[in-house]
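# Chains, contacts and geometry: an overview
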Amino acid sequence: MTILGNENFRMELSDRGALQSLILQGDPSEMNWVVDPSYLKEAGYADTDKLFGEWTIELDGNIIKSTDLLPKITPEGKHRVIVDFEGAPIAIRLTYSLEDERLRWTIEAMNRSTQSVRINGLHVWFSLAYVMYRDENVQRNMSQSCAVFPHLGGDFAKIAAIRRSNEAPHLGVYGVQGRTVTVGTYCSYKNRFLEQVSPSLDGLLYHRLSLVEDGSSMTESAAADWIYGGAYSPLDLDAGETSSWEYIFHPCQNRDDFYRQGMAYGHPRWSYTPVLTRGGRFEAVVDLPQGQALRELRLYNTSPATELIRQENITNEAVRLESGSSYNISLQRLEPGEHKLELGLEDGRTDILVWNVLESIDRILEKRAEWLVNNNFGGTGEAERPYAFRPLSNQGESLGKVAFLLMKNSMAKAVPEQVAKAEIAAVLDVKEHWFEGGDFNHPRPLYGEFYRIYDLDYIGHVFYLLSRMDGSLLKIHSPREYLQWAAEIMCLRLDPERHSGQREQDESRLNGIFVLYILDLLEALKQSGLSEEYKRLLTLWEQFGRNLETGIQQYEGAITEHFYDNAGFGPTCETLCHLGNKEEAQRYGQLILANIGFSNDYRVQNPDRWWEALSYMIHSLWGGLVAGASRVAYEFLGDPEYLEAAYRSTMAVFNCYDWNVRSTPRRLLPGEAASTYSVAAPNLNMPELSRNRFGQSVFVGASDSLFASLFSGVTGDDWDMGEELVAYLMGFGTTTYLYRDPRGKMRCINGYIEEDSEGWIVTSYAAYPSRYVLLEDKLEYRTTEGILEPRVRLAGGGIFSPCL
């Protein structure tokens, strides 16, 4: 073992030269920022060949691994060590140097032979502590684990490692020499769901830097990836030639400090619009580090109608700001599609932004609704569950499709066929499938010996939304009867005494998506004169709130079926807001902020989850619901950081519905959807998922017992979808927000603003624009019910009015 240290870092290298401990001095938690082999042994994970600094290289079709070689480790004083791997045509040298506040990590590939050698791949394990620990008090997961958000493309790769508690110090890693082609992941995990254990799932992601990648690690993705694909190529090293890559590790306090440190290491700094809608305005500001100068700006985008990649030189669109080293770019985009903005500097280096232009979202939602009723509804010809929406599932999450149809039809002009099929599915499938004999007192044990309490959340939501429909659209029961059913289901869900199984009793005390509608349901019961149901549900809700607040200090709300889960702390933060407990909501809100990505690529800005993809991913359901919780936190807590995080992550989720995306192997038709997008490339567990959209049908026949059991008969890719669209419709689907940044400049979220002599004109991106909010001035403008106003004026005196 080799130990290095100074005033800011303490690090240990194994006898193999792998970094097995990296601690920031002065960190109260003494977090190890890299995967610890002692934890792997403790948890029963055997992947010790993926520790930080292990590597593989592909030479002319031959693969050489560092684990097959014996390195020479040479300490040079207390602050520097060199790890040399010889015995192949290409020698690899890793150098670790502690320099004041930073760690400098250098990787060199040296051709020791007498002839040219082609490198097809050089991959170095970059195993930061992205770990979900098997620990129910969750403090270990908060203080000893991090989310990892990469920024790729061009010459300025960087990676933000954010502690899950959101408590500084965090860790920034900055590429200062050589290009990082891509960042892949491999997942090790334990899955005990079928053992009737809750929590049941833990695991970790090993990250891998590809310094050379010819595309063979992910052939399907590489062929489709017009954004990053230009970097996929082999590297030829002449005899005696050396290629080098260098990274700086530096602690940072927050997202702003991460980018500030990047500028200190020569990285341009961007603020930009990650996603807009057709006809909207892309806005970006880039600050250039000292000594750098702008050469050109090139914009690449895909055509909605063809496979062509269009290129524009937009250098003249860059307006130099007063600072002299900053530029503003403002572009109106009339066609949807992905965009890549490439910044060229005078020294020849480049940086990129990846952003997206969506169809108008009301059109996306209408096409989605049409697709569901035309393609996913079973009908009488189906032998199994004829009135269910496909793909068939025992998980209540699948009912999000029904909830979405009902929510959309309550906000836009109703389509009777859509409401009718949603009602049929609710009464003839949901009621009969999830309850024995359709009796709400007897949930059916669909998972062998148990039933999921969480399923009741989704079922209750469906019946509550049915109760909101105009009675003339309903054909089987009345709105009042559906309201009574929703109350009955929620009373069952929240009452531990009504469940005989220990798992069910435990889960009834945990949070869930019922927070989206519980207050509205209570109000509806009160207004409808259903006093008995109202009193019973109110008592249970108040009891739930008291129990939740009792365990809040231990962060018990962060646990669901998983040891640490944004499906726990997202709704818990939202519930605490509704209960008026702002102090504790703020504590859980920090977990949300640490969980939502930030990057130069809009697809990396989603809430952090891994288990469906076995990799960092956009998950439609919990991506949208955690984003929604962040928006609610903004309205109650007032910090614009929640609002910014909510919007960028909500918009990332629409990648699962966007039929204009051309950078992923899985293409979508208008209205079609896929429940998951695997962000990492490559996804080393399933390389075909790399930067690809998919559904649980990919797991049919999987060796994992849970996947094989749950997904054996699945045929569709739009699994667990719809509830996130409901959350969108409850927030950004109607509302555009204004706020002032720290410099006092007016900003707009979910739209854009233009200043004139009378104030501001605000244009909304909302699907059904009817609400405008300037929270800090306590200004809110709502249109008359049924009236949509995509543009309003905010006068300088603080008055909203229609924009004529």
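The structure reproduced in this document is the subject of the present report. Within any chain, residue numbers begin from 1 and follow the written order of that chain's sequence. Predicted model: local features are reported for residues with pLDDT of at least 70 only, side-chain atom pairs are reported and counted for 80 or more only, and whole-chain, interface and lining totals are derived from all residues. Heavy atoms from the whole structure form the basis of all side-chain values; hydrogens and water molecules are not counted.

Attention now goes to the sheet that holds strand β22 (residues 294–302). What makes two strands pair is DSSP finding at least two bridges between them. Every helix listed is a DSSP run of H or I at least four residues long, and every strand listed is a run of E at least two residues long, numbered separately from the N terminus. Strand order in this open sheet of five strands is β20-β27-β26-β22-β23, and the pairing throughout is mixed. Two strands bound the open sheet, and with one partner strand each, they are β20 (275–277) and β23 (309–313). Going across the sheet, the axis of each strand differs from the next one's by a mean of 25°, ignoring polarity. Axes, fitted as lines to C-alpha atoms, cover a helix only where it is in contact. Angles between the N-to-C directions of the axes lie from 0 to 180 degrees.

What follows covers the sheet that holds strand β1 (residues 2–5). In space, the three strands of this open sheet follow the order β1-β2-β3, with antiparallel pairing throughout. The open sheet is flanked by β1 and β3 (19–24), the only strands paired with a single partner. Between one strand axis and the next, the sheet turns by 10° as a mean value, whatever way the strands run. With five bridges connecting them, strand β2 (residues 9–13) and β3 associate as antiparallel partners. When the bridges of β3 are listed, phenylalanine 9 appears paired with leucine 24.

What follows deals with helix α15 (residues 620–637). A helix is expected to reach a length of 1.5 Å times the quantity of its residues less one. The end-to-end C-alpha separation of α15 is 25 Å, in line with the 26 Å expected for 18 residues at 1.5 Å each. Of all 18 residues that make up α15, 15 are buried, and the element is covered over most of its length. Downstream of α15 by one or two residues, glycine 638 has phi in the positive range, about 85°. Throughout this description, buried means an accessible area under 20% of the type-specific maximum (1.4 Å probe, protein chains only), exposed means over 50%, and partly exposed covers the range between.

We now examine the environment of cysteine 656. Looking at the element boundaries, cysteine 656 is found in the loop between α16 (640–653) and β29 (676–678). Along the backbone, cysteine 656 and histidine 619 are 37 residues apart, and their C-alpha atoms lie at a distance of 8.3 Å. Once residues within four sequence positions are removed from consideration, cysteine 656 is found in contact with Ile618, Ser620, Leu668, Glu672, Ala673, Ala674, Ser675, Thr676, Tyr677, Arg693 and Met721. Residue contacts are defined here by distance: any two heavy atoms, one from each residue, within 4.5 Å place the two residues in contact.

Here we come to the pattern of salt bridges. Oppositely charged side chains can pair when the atoms bearing their charge come close. Every case where a carboxyl oxygen of Asp or Glu lies within 4 Å of a side-chain nitrogen of Lys or Arg is listed as a salt bridge. Following the criterion strictly, the structure yields 50 salt bridges and no others. The closest approach of N and O atoms between glutamate 296 and arginine 298, which form a salt bridge, is 3.2 Å. Of the residues examined, glutamate 296 reaches a relative accessible area of 17% and is grouped as buried. The exposure class assigned to arginine 298 is partly exposed, which follows from its relative accessible area of 22%. For glutamate 776, the salt bridge identified is with arginine 740, shortest N-O distance 3.2 Å. With glutamate 776 in the loop between β35 (771–774) and β36 (779–782) and arginine 740 in strand β31 (residues 735–740), this pair connects stretches of sequence that are 36 residues apart.

A few words now on the pairing of strand β32 (residues 746–749). Pairing geometry for β31 and β32, over four bridges, is antiparallel. Looking across to β32, one finds that leucine 738 is bridged to cysteine 748. As consecutive antiparallel partners, β31 and β32 are separated by five residues, and within that stretch glycine 744 has a phi angle of approximately 85°, a positive value.

Our focus in this paragraph is unusual backbone geometry. For the bond from alanine 168 to proline 169, the omega torsion is 10°, close enough to zero to count as cis. On the secondary structure map, proline 169 appears in the loop between β13 (158–163) and β14 (170–177). Residue arginine 390 is joined to proline 391 through a cis peptide bond whose omega torsion reads -5°. Relative to the helices and strands, proline 391 is located in the loop between α5 (361–376) and α6 (400–411). Backbone geometry places glutamate 30, a non-glycine residue, at a positive phi of 45°. Residue position: glutamate 30 is located in the loop between β3 and α1 (37–43). Backbone geometry at tyrosine 555 places phi at a positive 60°, although glycine is not the residue there. The buried category is assigned to tyrosine 555, whose relative accessible area is 8%.

To continue, consider the pairing of β2. Only one face of β2 is buried: it carries Phe9, Met11 and Leu13, and the other face, with Arg10 and Glu12, is open. In sequence, β1 turns back onto β2 through a hairpin of three residues. Between the end of β2 and the start of β3, which pair antiparallel, lie five residues, with glycine 17 showing a positive phi angle near 85°.

Here we come to the packing of aromatic side chains. Each aromatic pair joins two rings of Phe, Tyr and Trp (for Trp, the six-membered one) with centres within 6.5 Å, and gets the label stacked for planes under 30 degrees apart, edge-to-face for over 60, and tilted for any other angle. Applying the stated criterion across every chain, the model contains 44 aromatic pairs. Summarising the aromatic geometry, the rings of phenylalanine 52 and tryptophan 105 are spaced 4.8 Å apart at their centres and angled 45° between planes, so their arrangement reads as tilted. Taken together, the residues span a long stretch of sequence, with phenylalanine 52 in the loop between α1 and β4 (55–59) and tryptophan 105 in strand β9 (residues 102–111) at a distance of 53 residues. Pair check on accessibility: phenylalanine 52 and tryptophan 105 agree, each one buried. These aromatic residues form a ring-pair network of at least three members: Phe149, Tyr174, Phe258, Tyr259, Tyr265, Phe598 and Tyr616. Note that lysine 340 overlies the ring of tyrosine 300, its terminal NZ or CZ placed 5.2 Å from the centroid. Whether a charge sits over a ring comes down to the Lys NZ or Arg CZ being within 6 Å of the ring centre and within 35 degrees of the ring normal. Geometry around tryptophan 485 places lysine 431 over its ring, the cationic atom sitting 5.2 Å from the centre.

What follows covers the side chain of threonine 763. Take threonine 763: it is sitting in strand β34 (residues 759–764). The class of threonine 763 is buried, set by a relative accessible area of 11%. We define a polar contact as two N or O atoms separated by no more than 3.5 Å, with the added condition that, inside protein, one atom must be a possible hydrogen donor and the other a possible acceptor, whereas residues neighbouring each other in sequence contribute only through side-chain atom pairs. Side-chain polar atoms of threonine 763 contact the side chain of arginine 791, separated by 3.5 Å. Sequence-distant contacts of threonine 763, that is, excluding residues within four places in its chain, are made with Asn750, Gly751, Tyr752, Glu754, Pro790 and Arg791.

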